Structures are given as C-alpha cells and as structure tokens.
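# Geometric and topological summary
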Amino acid sequence: SAVISQKPSRDICQRGTSLTIQCQVDSQVTMMFWYRQQPGQSLTLIATANQGSEATYESGFVIDKFPISRPNLTFSTLTVSNMSPEDSSIYLCSVMRTGTTGEKLFFGSGTQLSVL
Amino acid sequence: AQTVTQSQPEMSVQEAETVTLSCTYDTSESDYYLFWYKQPPSRQMILVIRQEAYKQQNATENRFSVNFQKAAKSFSLKISDSQLGDAAMYFCAYSSFSNSGYALNFGKGTSLLVTP
C-alpha cells in the first residue's frame, strides 16, 4: 500500500479566492493523479502529474483554473483558482504503485472544499 | 474512451447475507485492470479488490470476490457474510496504460446499505 497525506482535509473559501491542496507520498512514485468528486457524483480525473514535465489535463479542465506542481517524486500540489460555488467538491490525489502483483492505485483522504 | 456502467444506484443486504454488485465496461483493449473501491462517509477511497484482464482466475480477498467475464465485459463484486462496516458507496473502475497512464475511469457508484 501507499501512505498518502493530503492537506487540508477541508476548507471553506470565499468566491474569487484560490486554494492550494498538497499531496505527500511516503515514497517515490512516477505518476500522480488529481480527481474531483462533485456532490453525490463519481470521481472525474482532472489531470495527470509526472515529475519534470507539465501536467496533462483532461477535457474540461485547464491549467489556468487548476495549476498543478510536481517538484519531486513524492509531492504534488493542486490549486483551485478564482473559485466559484461550482468548485465545491472533494478533491483527491492518487498514486500508482507497481508491486509484485502489478499496478495498484491508492488515494489520499481527500479535501472537502466548500465555496461560498 | 472507456466507459464503466454500474446499473444499481442502491442495494440493500442483511447482515451475514451475500450481495452482488454489478459492473459492466466498454473497451477495445485486451490489457487492462479492473478495480472495486469502497468509499465510506469518511470519503476515503479504499481499494477492495483488483483484477488483471489477462488472468482468467477470479480475484478474491477474504469475504470479497469478483466474477470477471471478459467476453461479456462484466465485473461483478460479491460480498459474503456482509457486515455493518461494509455499508458504503462502491465504485467500479477501469484502468489501462493508454487511459492517461493508468488513470481510473469510474462508474457512478452503488450505495450499499447493510441492515441488522
């Protein structure tokens, strides 16, 4: 398994402000993923973050709104910029670990974001 | 794009009984992984079980087992001897390298209620 620390666990923010979410992994991983889970919905991939390269964003997500940093192999941040109430969601980071039985994907505990 | 369908928004099972959650998926690939994740109210995404597509043998993890039918593109989860702690949202997910480097595509989820 993987130990993934995600901060903050929750926050209440004002419209127009930005929030940076941190994801720290207990050991080096190549690929990190950021997901959004809107209220009562499933998880949607925002972007894939590899160390040393620009993040790859999925359709409907843009770098100006969700800038991502990946300064090393154990850490990543996701910023939700110029927030509106529609950004109220759970944001989760995920990492892939390759073990003897193949690839497994593990999640951080999530950040519950409420935008007023 | 690969799609994952969970046709049961809600399921209910009595404690100690067995329940099966359904999942179908659509893909043209031959090499991929399938997962079941559990999300309790704490919002933590917990990996329940994982299946490699190239393996014919169905995966099992204690009380959890899958029925993987590759030709039918079906991946159901069976929970035996259900416990109150099994109550949660269950998500079926698909992963392959071509899918944003092993990112997960999730179904909409099935809410499992366990009654005493």
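The structure under discussion appears in the preceding block.
These remarks concern the structure in this document.

Analysis parameters
Residues numbered from 1 in each chain as written. Chains lettered and ligands numbered in written order. Predicted model: local features only at pLDDT ≥ 70, side-chain atom pairs only at ≥ 80, totals over all residues. Heavy atoms only, no water. Contact = heavy atoms within 4.5 Å. Buried area = accessible area lost by both parts, 1.4 Å probe. Polar contact = N/O pair within 3.5 Å; in protein donor to acceptor, adjacent residues only side chain to side chain. Helix = DSSP H or I, 4+ residues; strand = E, 2+ residues; numbered from the N terminus. Nonpolar A, V, L, I, M, F, W, Y, C, P; charged D, E, K, R; others polar. Phe/Tyr/Trp six-rings, centres within 6.5 Å; stacked < 30°, edge-to-face > 60°. Buried < 20%, exposed > 50% of the residue type's maximum accessible area, 1.4 Å probe, protein only.

## Some words on the interface of chain B and chain A
For an interface, size is often stated in terms of accessible area lost upon the parts coming together. Between chain B and chain A, the residue contacts involve 21 residues of the former and 27 residues of the latter. Between chain B and chain A the total buried area reaches about 1800 Å² when both faces are included, carbon and sulfur atoms providing 53% of it. Taken together, the links from chain B to chain A amount to nine residue pairs in polar contact (both at pLDDT 80 or more). Looking at the side of chain B that touches chain A, the elements with two or more residues in it are β5 (33–39), β6 (46–52), β10 (88–95) and β11 (104–106) of chain B. Tallying contributions element by element places β5 of chain B first for the side of chain B that touches chain A, with four residues. Residue classes in the side of chain B that touches chain A are distributed as ten nonpolar, seven polar and four charged.

## Re the packing of aromatic side chains
According to the stated counting rule, one finds 15 aromatic pairs over all chains in the structure shown. Taking 6.2 Å as the distance between ring centres and 35 degrees as the angle between the ring planes, the aromatic pair formed by Y25 of chain B and Y94 of chain B counts as tilted. Note that Y25 of chain B is positioned in strand β4 (residues 24–26) and Y94 of chain B in strand β10, a separation of 69 residues in sequence. Like Y94 of chain B, Y25 of chain B is buried. Ring pairing ties together the aromatic residues Y35 and F107 of chain A together with Y33, F35, Y37, F91 and F106 of chain B, which thus form one cluster.

Function cannot be inferred from these measures alone, as they are strictly geometric.
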